[in-house]
Amino acid sequence: MTFAELIVRSAADKDVARFVKFVRPQPNGCWLWTGGHFGSGYAAFKYEGKTRQAMHFVLRLVDRQPNGRKYVPDHLCRNKSCVNPACLEIVTQKVNTLRGNGPAALNARKTHCKDGHEFTPENTYRVAGRRRCKFCQRKHAIAWRRKHNYSWGTLESRRLYM
């Protein structure tokens, strides 16, 4: 839907006419929302008696609503104030999170541990959903044992844990 098509549609629908008043098309293709915003930075628009994210209103207009709770709109332009349906893609919450710049996305993009060891299936294990480096864990365990004078006991018992 183009902005011109939205203006034409606003003649017949009171909510669309009110929506258009708060939209400013930008040269980069975004439709900047000049109305109210939620604390999270997303555009807020009241329709059907409730204040909701404005992007959900415009997605209803173009019949691209998220289907169920598993899917969410993702701003391809990375601008939370944009309400252009061309800048919005319906994706899973996981895809949306990994496309972002939050801690989960940044950690998922890492290919090496802090000490420079590559995260490979052979060198990586998971604890509480986090990746850990086996080489580093081994190094830290040996250092801890030396610091605390920890003995593994007999050679036979050591083989059970190695």
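Residues numbered from 1 in each chain as written. Predicted model: local features only at pLDDT ≥ 70, side-chain atom pairs only at ≥ 80, totals over all residues. Heavy atoms only, no water.

A. How the structure looks around the side chain of aspartate 74. Its location among the elements puts aspartate 74 in strand 5 (residues 71–75). A polar side-chain atom of aspartate 74 sits 2.7 Å from a polar atom in the side chain of arginine 99. Those residues within four positions of aspartate 74 in sequence are excluded, and the remaining contacts are Cys87, Leu88, Glu89, Val91, Asn96 and Arg99. (Helix = DSSP H or I, 4+ residues; strand = E, 2+ residues; numbered from the N terminus. Polar contact = N/O pair within 3.5 Å; in protein donor to acceptor, adjacent residues only side chain to side chain. Contact = heavy atoms within 4.5 Å.)

B. Expanded view of unusual backbone geometry. Residues other than glycine seldom take positive phi values, yet aspartate 63 does so here, at roughly 55 degrees. Relative to the elements of secondary structure, aspartate 63 occurs in the loop between helix 3 (54–61) and strand 5. For alanine 128, which is not glycine, the phi torsion reads 55 degrees and is therefore positive. Residue placement: alanine 128 occurs in the loop between strand 7 (124–127) and strand 8 (130–133). Classification of alanine 128 as exposed rests on a relative accessible area of 80%. (Buried < 20%, exposed > 50% of the residue type's maximum accessible area, 1.4 Å probe, protein only.)

This is a description of form; function is not addressed.
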